[in-house]
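Observations on the model geometry
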Amino acid sequence: QDCRHQTDRRAERERQQHRFEEHQCERARPYPPASSQVARNEARKATAIRDFLVGIFERNSVAHPDGARARQTTAAELLAQSAQQIRGTLRDAPEVRTELLGVMAQLYASLDMQSDAIALLMDKLTSQRATPGAELDVAKTLSMLAYSQIQIGDYPAAERSANEALQIFASLGDTSTLEHGVAYANLAQGAYRQGKGTDGTMRRNFEAALRLIEAHHPRSKWRLTVLMGLSRVANLEGRNDESLAYC
(Lines give C-alpha, C1' and ligand atoms only; values in the text may rest on other atoms or scores of the structure.)
Protein backbone atom coordinates (compact mmCIF):
# COMPACT_ATOMS: atom_id res chain seq x y z
CA GLN A 1 0.00 0.00 0.00
CA ASP A 2 2.90 2.39 0.83
CA CYS A 3 4.38 1.58 -2.55
CA ARG A 4 1.10 2.42 -4.25
CA HIS A 5 0.89 5.74 -2.37
CA GLN A 6 4.44 6.60 -3.40
CA THR A 7 3.60 5.78 -6.99
CA ASP A 8 0.48 7.96 -6.85
CA ARG A 9 2.43 10.85 -5.34
CA ARG A 10 5.11 10.48 -7.98
CA ALA A 11 2.50 10.47 -10.73
CA GLU A 12 0.84 13.57 -9.26
CA ARG A 13 4.19 15.37 -9.10
CA GLU A 14 4.83 14.47 -12.74
CA ARG A 15 1.38 15.79 -13.73
CA GLN A 16 2.00 19.03 -11.85
CA GLN A 17 5.40 19.38 -13.50
CA HIS A 18 3.83 18.76 -16.91
CA ARG A 19 1.15 21.41 -16.28
CA PHE A 20 3.81 23.86 -15.10
CA GLU A 21 5.88 23.29 -18.23
CA GLU A 22 2.80 23.74 -20.43
CA HIS A 23 2.01 27.00 -18.64
CA GLN A 24 5.55 28.24 -19.14
CA CYS A 25 5.43 27.37 -22.83
CA GLU A 26 2.13 29.18 -23.20
CA ARG A 27 3.55 32.28 -21.55
CA ALA A 28 6.65 32.14 -23.74
CA ARG A 29 4.66 31.70 -26.96
CA PRO A 30 4.74 35.02 -28.85
CA TYR A 31 1.42 36.68 -29.50
CA PRO A 32 0.69 37.53 -33.11
CA PRO A 33 1.42 41.17 -33.99
CA ALA A 34 -1.57 43.47 -33.78
CA SER A 35 -1.19 44.17 -37.50
CA SER A 36 -1.52 40.44 -38.25
CA GLN A 37 -4.70 40.23 -36.21
CA VAL A 38 -6.12 43.26 -37.98
CA ALA A 39 -5.23 41.72 -41.34
CA ARG A 40 -6.98 38.48 -40.41
CA ASN A 41 -10.07 40.38 -39.25
CA GLU A 42 -10.16 42.35 -42.49
CA ALA A 43 -9.74 39.17 -44.51
CA ARG A 44 -12.64 37.51 -42.67
CA LYS A 45 -14.77 40.61 -43.19
CA ALA A 46 -13.92 40.73 -46.90
CA THR A 47 -14.81 37.05 -47.26
CA ALA A 48 -18.16 37.56 -45.50
CA ILE A 49 -18.95 40.53 -47.75
CA ARG A 50 -18.02 38.60 -50.88
CA ASP A 51 -20.15 35.64 -49.82
CA PHE A 52 -23.10 37.92 -49.14
CA LEU A 53 -22.85 39.67 -52.50
CA VAL A 54 -22.55 36.36 -54.34
CA GLY A 55 -25.50 35.16 -52.30
CA ILE A 56 -27.65 37.94 -53.76
CA PHE A 57 -27.69 36.15 -57.09
CA GLU A 58 -27.88 32.69 -55.57
CA ARG A 59 -30.98 33.66 -53.58
CA ASN A 60 -32.52 35.13 -56.72
CA SER A 61 -31.90 31.85 -58.55
CA VAL A 62 -33.52 29.86 -55.74
CA ALA A 63 -36.53 32.21 -55.68
CA HIS A 64 -36.87 31.92 -59.47
CA PRO A 65 -35.80 28.44 -60.60
CA ASP A 66 -36.79 29.42 -64.11
CA GLY A 67 -33.60 30.99 -65.40
CA ALA A 68 -35.50 33.36 -67.67
CA ARG A 69 -37.44 34.83 -64.76
CA ALA A 70 -34.30 35.11 -62.65
CA ARG A 71 -32.64 37.11 -65.43
CA GLN A 72 -35.60 39.49 -65.53
CA THR A 73 -35.08 40.53 -61.91
CA THR A 74 -34.00 44.16 -61.97
CA ALA A 75 -30.99 45.58 -60.17
CA ALA A 76 -33.36 47.62 -58.01
CA GLU A 77 -35.22 44.47 -56.96
CA LEU A 78 -31.98 42.68 -56.08
CA LEU A 79 -30.79 45.66 -54.07
CA ALA A 80 -34.10 45.93 -52.22
CA GLN A 81 -34.01 42.24 -51.27
CA SER A 82 -30.40 42.51 -50.12
CA ALA A 83 -30.92 45.71 -48.14
CA GLN A 84 -33.85 44.11 -46.34
CA GLN A 85 -31.76 41.08 -45.46
CA ILE A 86 -28.85 43.18 -44.18
CA ARG A 87 -31.15 45.13 -41.90
CA GLY A 88 -32.86 42.01 -40.60
CA THR A 89 -29.80 39.83 -40.11
CA LEU A 90 -26.08 40.00 -39.36
CA ARG A 91 -26.74 41.38 -35.87
CA ASP A 92 -24.04 39.02 -34.59
CA ALA A 93 -21.52 40.46 -37.06
CA PRO A 94 -21.83 44.25 -36.66
CA GLU A 95 -18.63 45.09 -38.57
CA VAL A 96 -19.73 43.06 -41.58
CA ARG A 97 -23.23 44.51 -41.38
CA THR A 98 -21.91 48.07 -41.24
CA GLU A 99 -19.57 47.47 -44.18
CA LEU A 100 -22.36 45.94 -46.24
CA LEU A 101 -24.65 48.88 -45.52
CA GLY A 102 -21.97 51.10 -47.06
CA VAL A 103 -21.53 48.84 -50.08
CA MET A 104 -25.27 48.75 -50.73
CA ALA A 105 -25.50 52.52 -50.29
CA GLN A 106 -22.79 52.97 -52.93
CA LEU A 107 -24.68 50.71 -55.31
CA TYR A 108 -27.88 52.67 -54.78
CA ALA A 109 -26.04 55.96 -55.28
CA SER A 110 -24.48 54.67 -58.52
CA LEU A 111 -28.02 54.00 -59.80
CA ASP A 112 -29.04 57.51 -58.67
CA MET A 113 -31.43 56.01 -56.12
CA GLN A 114 -30.26 58.54 -53.58
CA SER A 115 -33.14 58.28 -51.10
CA ASP A 116 -32.43 54.56 -50.67
CA ALA A 117 -28.71 55.28 -50.35
CA ILE A 118 -29.39 57.89 -47.66
CA ALA A 119 -31.53 55.48 -45.63
CA LEU A 120 -28.72 52.91 -45.60
CA LEU A 121 -26.06 55.52 -44.82
CA MET A 122 -28.11 56.77 -41.88
CA ASP A 123 -28.35 53.20 -40.59
CA LYS A 124 -24.61 52.77 -41.06
CA LEU A 125 -23.95 56.06 -39.28
CA THR A 126 -26.01 54.97 -36.27
CA SER A 127 -23.92 51.81 -35.95
CA GLN A 128 -20.64 53.70 -36.31
CA ARG A 129 -21.56 56.38 -33.77
CA ALA A 130 -22.19 53.58 -31.25
CA THR A 131 -18.74 52.08 -31.86
CA PRO A 132 -15.88 53.43 -29.71
CA GLY A 133 -12.96 54.75 -31.73
CA ALA A 134 -14.89 54.89 -35.00
CA GLU A 135 -14.70 58.66 -35.42
CA LEU A 136 -12.83 58.47 -38.74
CA ASP A 137 -15.41 56.05 -40.13
CA VAL A 138 -18.19 58.37 -38.96
CA ALA A 139 -16.57 61.28 -40.82
CA LYS A 140 -16.22 59.22 -44.01
CA THR A 141 -19.88 58.19 -43.90
CA LEU A 142 -21.01 61.75 -43.23
CA SER A 143 -19.07 62.90 -46.29
CA MET A 144 -20.76 60.35 -48.54
CA LEU A 145 -24.12 61.12 -46.94
CA ALA A 146 -23.66 64.78 -47.83
CA TYR A 147 -23.10 63.81 -51.47
CA SER A 148 -26.41 61.91 -51.67
CA GLN A 149 -28.22 64.70 -49.85
CA ILE A 150 -26.99 67.19 -52.44
CA GLN A 151 -28.25 64.97 -55.24
CA ILE A 152 -31.82 65.09 -53.89
CA GLY A 153 -31.61 68.84 -53.24
CA ASP A 154 -31.53 68.66 -49.43
CA TYR A 155 -28.85 71.32 -49.19
CA PRO A 156 -29.24 72.24 -45.49
CA ALA A 157 -28.82 68.58 -44.49
CA ALA A 158 -25.86 68.19 -46.85
CA GLU A 159 -24.19 71.24 -45.36
CA ARG A 160 -24.66 69.89 -41.83
CA SER A 161 -23.26 66.50 -42.78
CA ALA A 162 -20.24 67.94 -44.61
CA ASN A 163 -19.42 70.42 -41.85
CA GLU A 164 -19.63 67.74 -39.16
CA ALA A 165 -17.35 65.54 -41.25
CA LEU A 166 -14.83 68.37 -41.60
CA GLN A 167 -14.92 69.03 -37.85
CA ILE A 168 -14.15 65.38 -37.12
CA PHE A 169 -11.36 65.23 -39.71
CA ALA A 170 -9.82 68.35 -38.17
CA SER A 171 -10.07 66.99 -34.63
CA LEU A 172 -8.28 63.81 -35.76
CA GLY A 173 -5.56 65.77 -37.52
CA ASP A 174 -6.42 64.08 -40.81
CA THR A 175 -4.88 65.53 -43.96
CA SER A 176 -5.05 62.68 -46.47
CA THR A 177 -8.37 60.80 -46.37
CA LEU A 178 -10.24 60.97 -49.68
CA GLU A 179 -13.58 61.65 -47.99
CA HIS A 180 -11.98 64.69 -46.32
CA GLY A 181 -11.52 66.22 -49.74
CA VAL A 182 -14.98 65.06 -50.78
CA ALA A 183 -16.50 66.90 -47.82
CA TYR A 184 -14.96 70.17 -49.07
CA ALA A 185 -16.20 69.41 -52.57
CA ASN A 186 -19.70 68.73 -51.28
CA LEU A 187 -19.86 72.10 -49.54
CA ALA A 188 -18.69 73.80 -52.71
CA GLN A 189 -21.10 71.87 -54.91
CA GLY A 190 -24.02 72.67 -52.62
CA ALA A 191 -23.14 76.35 -52.74
CA TYR A 192 -22.92 76.26 -56.54
CA ARG A 193 -26.35 74.69 -56.90
CA GLN A 194 -27.84 77.32 -54.63
CA GLY A 195 -26.10 80.20 -56.37
CA LYS A 196 -24.02 81.09 -53.30
CA GLY A 197 -20.63 81.34 -54.91
CA THR A 198 -20.06 85.08 -54.94
CA ASP A 199 -18.25 85.45 -51.60
CA GLY A 200 -15.27 83.21 -52.50
CA THR A 201 -16.21 80.39 -50.11
CA MET A 202 -17.14 78.04 -52.94
CA ARG A 203 -13.78 78.57 -54.65
CA ARG A 204 -11.87 78.05 -51.39
CA ASN A 205 -13.67 74.80 -50.70
CA PHE A 206 -13.07 73.47 -54.20
CA GLU A 207 -9.40 74.48 -53.95
CA ALA A 208 -9.03 72.77 -50.55
CA ALA A 209 -10.58 69.63 -52.04
CA LEU A 210 -8.25 69.74 -55.04
CA ARG A 211 -5.09 70.16 -52.90
CA LEU A 212 -5.90 67.11 -50.80
CA ILE A 213 -7.06 64.92 -53.67
CA GLU A 214 -4.14 65.77 -55.98
CA ALA A 215 -1.66 65.17 -53.16
CA HIS A 216 -3.04 61.84 -51.98
CA HIS A 217 -5.61 60.51 -54.49
CA PRO A 218 -4.61 61.85 -57.92
CA ARG A 219 -6.34 58.99 -59.76
CA SER A 220 -9.66 59.42 -58.00
CA LYS A 221 -12.70 60.35 -60.10
CA TRP A 222 -13.27 63.12 -57.57
CA ARG A 223 -10.29 65.01 -58.99
CA LEU A 224 -12.18 65.48 -62.26
CA THR A 225 -15.33 66.46 -60.39
CA VAL A 226 -13.45 69.14 -58.45
CA LEU A 227 -11.68 70.45 -61.57
CA MET A 228 -15.04 70.78 -63.28
CA GLY A 229 -16.34 72.64 -60.22
CA LEU A 230 -13.42 75.07 -60.34
CA SER A 231 -14.03 75.59 -64.05
CA ARG A 232 -17.61 76.59 -63.28
CA VAL A 233 -16.47 78.92 -60.53
CA ALA A 234 -14.01 80.63 -62.87
CA ASN A 235 -16.75 80.96 -65.47
CA LEU A 236 -19.06 82.60 -62.91
CA GLU A 237 -16.25 85.02 -62.06
CA GLY A 238 -15.77 85.93 -65.71
CA ARG A 239 -12.36 84.25 -65.93
CA ASN A 240 -12.94 82.41 -69.17
CA ASP A 241 -9.30 81.49 -69.84
CA GLU A 242 -8.97 80.01 -66.36
CA SER A 243 -12.26 78.17 -66.81
CA LEU A 244 -10.95 76.51 -69.97
CA ALA A 245 -7.63 75.67 -68.31
CA TYR A 246 -9.39 73.62 -65.64
CA CYS A 247 -11.14 71.53 -68.31
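Residues numbered from 1 in each chain as written. Predicted model: local features only at pLDDT ≥ 70, side-chain atom pairs only at ≥ 80, totals over all residues. Heavy atoms only, no water.

Comments concerning the overall build of the protein
Summing up its helical and strand segments, the protein has 12 helices and zero strands in all. Going from the N terminus to the C terminus, the protein shows its helices and strands as α-α-α-α-α-α-α-α-α-α-α-α. Counting every position in the protein, which comprises 247 residues, the buried fraction comes to 35%. Contacts spanning at least 24 positions in sequence make up 54% of the contacts within the protein whose residues lie at least 6 apart. (Helix = DSSP H or I, 4+ residues; strand = E, 2+ residues; numbered from the N terminus. Buried < 20%, exposed > 50% of the residue type's maximum accessible area, 1.4 Å probe, protein only. Contact = heavy atoms within 4.5 Å.)

A look at the pattern of salt bridges
Counted according to the given criterion, the structure contains eight salt bridges. Between R203 and E242 there is a salt bridge; the shortest N-O distance is 3.0 Å. Here R203 is found in helix α10 (residues 201–216), whereas its partner E242 is found in helix α12 (residues 240–246), with 39 residues between them in sequence. By relative accessible area, R203 is classed as buried at 11%. By relative accessible area, which is 22% here, E242 ends up partly exposed. E237 serves as the salt-bridge partner of R239, at 3.6 Å between the closest nitrogen and oxygen. For R239, a relative accessible area of 43% gives the class partly exposed. The exposure class assigned to E237 is partly exposed, which follows from its relative accessible area of 34%. Within the structure, one salt-bridge network assembled from shared partners comprises R203, E207, E237, R239 and E242. (Salt bridge = Lys/Arg side-chain N within 4 Å of Asp/Glu carboxyl O.)

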